[in-house]
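Summary of structural features
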Amino acid sequence: MKHQNYNAWLLSPTPFGAEIFAKAGFHSVTVDMQHGMLDFRTAIDCFRGIALHGSQPWVRVAANDPALITKVLDAGALGVICPLISTPKQADDFVKACHYQFDGGNRSFGPVRAALVLDDYVARSAKLITAMAMIETQEGFDNVEAIAATPGLNGLFIGPADLALAFGIAPTPENRDPDFLERIDHIIAAAHDAGILCGMFAGTPEYARDMLTRGMDMVSAVTDTQILLNGAQSALTALGGPTAKTHNGY
Ligand code: 3PY
Ligand code: MG
């Protein structure tokens, strides 16, 4: 069986939560700096907790910005997921930001923490780092083959909510809309034809399992916020307590 990568997704500013995900056995934990409730300083503490249990620290950066990408790599991130890649040029800019000039990129030198915690980091960085371009716009979908062909890109990563919205499909957590699934299959095929990975943010573990069966190589199968909310609600249900509150402001 081919290797499948199980990823957990961290949205809260909780290094201890990151550590728990790693201890549970996920191959990698993604610290979400686009939509997550955390900052750079907290992200570094999350990396420590993740690496402590032999899992890989990954980051979803807030944007395709070399300044942001450099900082998380310098802090020791081993995977970078970049949102909203729509053109081959954007994909190329992203990959170049991940690699030093001797590896064909334009990353500035200064691996302050990465070189502290990873032996021979600079020479090995191109091999150590996994760069995943998010396909989640109509333009990105239309350009998916050209994006997948970007030299040095390691994988495509599907953002199901934005991708659904791009095509006027409801962004449900377990999207089984036939048009949507057809697009998922198309993106998987584009990645595999180019010889790179395909990953996806999946709304639930069950859906993630289905996506692995469909051919996905890696799945972000669970978030800390889902686990905490679901666990808290089922505990209250077991107690015969109140059900989830509706919100009408702070
Ligand atoms: C999306 O579903 O659009 C994502 O970016 C996943 O977080
Ligand atoms: Mg998105």
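Described below are features of the structure shown in this document. Note that the structure is predicted; figures quoted are calculated from it, not measured.

Surrounding the magnesium ion (ligand 2) are the protein donor atoms E136 (OE) and D162 (OD), at 2.1 Å. Taken together, the residues span a long stretch of sequence, with E136 in the loop between β5 (130-135) and α7 (138-142) and D162 in helix α9 (residues 160-166) at a distance of 26 residues. Owing to a relative accessible area of 4%, E136 belongs among the buried residues under this scheme.

Positionally, D103 belongs in the loop between α4 (88-98) and α5 (114-117). In this structure D103 comes out as partly exposed when scored by relative accessible area, which is 33%. A sequence separation of 34 residues divides D103 from I69, and the C-alpha atoms of the two residues are 16 Å apart. Beyond its immediate chain neighbours, meaning those up to four positions away, D103 contacts S125 and A126.

Once that is clear, we can look at the state of the cysteines. Between two cysteines, a covalent bond joining their sulfur atoms is known as a disulfide. Under the criterion given, the structure shown has zero disulfides. In this model C98 remains outside any disulfide bridge; the closest cysteine sulfur is found in C82, 7.8 Å from its own. Considering cysteine sulfurs only, C82 is the nearest to C198, which forms no disulfide, with 16 Å between them. Given a relative accessible area of 0%, C198 falls into the buried group.

This part takes up helix α10 (residues 178-193). Between the first and last C-alpha of α10 there are 22 Å, a value that for 16 residues agrees with the 22 Å anticipated at 1.5 Å per step. Of all the positions in α10, only F180, L181, I184, I187, I188, A190 and A191 are classed as buried. Near the N-terminus of α10, the side chain that reaches the backbone nitrogen of D179, with its oxygen 2.8 Å away, is that of D177. With its phi angle positive at about 80°, G195 sits one or two positions after the end of α10.

Moving on, we get to the site of ligand 1. Ligand 1 sits among R60, M134, E136, G159, P160, A161, D162 and F201. The side chain of R60 places a nitrogen or oxygen atom 2.8 Å from an oxygen atom of ligand 1. D162 has a polar backbone atom sitting 2.9 Å from an oxygen atom of ligand 1. In the complex, the protein chains occlude 91% of the 230 Å² of accessible area that ligand 1 would expose alone. Put simply, ligand 1 lies in the largest pocket. Sorting elements by how many residues they give to the shell around ligand 1 places α9 first, with three residues. Here the residues of the shell around ligand 1 sort into four nonpolar, one polar and three charged.

A few words now on the sheet that holds β5. If you walk around this closed barrel you meet the eight strands as β1-β2-β3-β4-β5-β6-β7-β8, and the pairing is parallel. Each strand axis lies, on average, 25° off the axis of its neighbour in the sheet, ignoring direction. Bridge analysis of strand β2 (residues 28-32) against strand β3 (residues 56-60) gives five bridges, and the strand direction is parallel. Within β3, the residue paired with D32 across the bridge is R60. Across the sheet, helix α1 (residues 15-24) lies against β1 (5-10), β2 and β8 (218-223), angled at about 165° from β1, the strand it touches most.

As a further point, take the environment of I50. Within the element layout of this structure, I50 appears in helix α2 (residues 40-52). In this structure I50 comes out as buried when scored by relative accessible area, which is 0%. Sequence separation between I50 and S28 is 22 residues; the distance between their C-alpha atoms is 7.8 Å.

How each quantity is defined
- Residues numbered from 1 in each chain as written.
- Chains lettered and ligands numbered in written order.
- Predicted model: local features only at pLDDT ≥ 70, side-chain atom pairs only at ≥ 80, totals over all residues.
- Heavy atoms only, no water.
- Donors = N, O, S within 2.8 Å, 3.2 Å for Na, K, Ca; no water.
- Helix = DSSP H or I, 4+ residues; strand = E, 2+ residues; numbered from the N terminus.
- Buried < 20%, exposed > 50% of the residue type's maximum accessible area, 1.4 Å probe, protein only.
- Contact = heavy atoms within 4.5 Å.
- Disulfide = S-S within 2.5 Å.
- Expected span 1.5 Å × (residues − 1).
- Polar contact = N/O pair within 3.5 Å; in protein donor to acceptor, adjacent residues only side chain to side chain.
- Near = heavy atom within 4 Å.
- Areas by Shrake-Rupley, 256 points an atom, 1.4 Å probe, with all protein chains shown as cover.
- 1 Å grid on protein atoms, 1.4 Å probe; cavity = no way out; pocket = protein on both sides within 12 Å on 5 of 7 lines; lining within 4 Å.
- Sits in = over half its atoms within 2 Å of the grid points.
- Nonpolar A, V, L, I, M, F, W, Y, C, P; charged D, E, K, R; others polar.
- Pairing = 2+ DSSP bridges.
- Axes fitted to C-alpha atoms, helices over the stretch in contact; angles between N-to-C directions.

All quantities given are derived from atomic positions and should not be read as evidence of function.
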